[in-house]
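A look at the structure
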Amino acid sequence: MTGVSVVTWTRACATADLVENRPLGVVVDEVAVCLVRTGGELFAVHDECTHEAVPLSEGEVDDGVIECWRHGSCFDLRTGAVLNLPAIRPVAVYPVREAADDVLVDVHHA
Ligand code: FES
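As a starting point, this report considers the structure included with it. Predicted model only: the values in this text are computed from it and were never measured.

This brings us to the pairing of strand β3 (residues 31–38). Side-chain positions along a regular strand alternate between the two faces of the sheet. Of all 8 residues in β3, 7 are buried; the element is thus mostly enclosed. Of the strand pairs in this sheet, strand β2 (residues 24–28) and β3 are connected by 5 bridges, and their pairing is antiparallel. Residue pairing for β3: G25 is matched across the bridge by C34. Joining the antiparallel neighbours β2 and β3 is a turn of 2 residues, in which D29 adopts a positive phi near 50 degrees. Bridge count between β3 and strand β4 (residues 41–46): 6 bridges; the pairing is antiparallel. Counterpart to L35 in the pairing with β4 is A44. Hairpin connection of β3 to β4: 2 residues between the antiparallel strands, including G39 at a positive phi of 60 degrees.

This is the structure:
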């Protein structure tokens, strides 16, 4: 069937595992995901910089942006857009939500 998109929520961690502005790297359905709670919102992006294969979850978060620790490229957590060199490609953004005590991510719909 075409035109039908089924969301596949998978538990990523407990809500209590997410500390404000402290990225958390998890694996969801064999996909590396960087979870961030910041400014009262929750974000999930692919946990790999698009410049080199290093985890974004080891970077720093500030004002809706995560900065790669390696060379300093910044990515918009909401859109995945890259904001400065040396990375030039956006990072994948995944749907994420909280349900009761769980954080759920859909890694199949970036
Ligand atoms: S590895 Fe992320 S900016 Fe170079």
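In this sheet, strand β9 (residues 102–105) lies alongside strand β8 (residues 96–99) in antiparallel orientation, the contact comprising 4 bridges. Looking at the pairing, A99 lines up with D102 of β9. A loop of 2 residues connects β8 with β9, the two strands running antiparallel in sequence, and A100 in this loop sits at a positive phi of about 55 degrees.

Thresholds applied
- Residues numbered from 1 in each chain as written.
- Predicted model: local features only at pLDDT ≥ 70, side-chain atom pairs only at ≥ 80, totals over all residues.
- Heavy atoms only, no water.
- Buried < 20%, exposed > 50% of the residue type's maximum accessible area, 1.4 Å probe, protein only.
- Helix = DSSP H or I, 4+ residues; strand = E, 2+ residues; numbered from the N terminus.
- Pairing = 2+ DSSP bridges.

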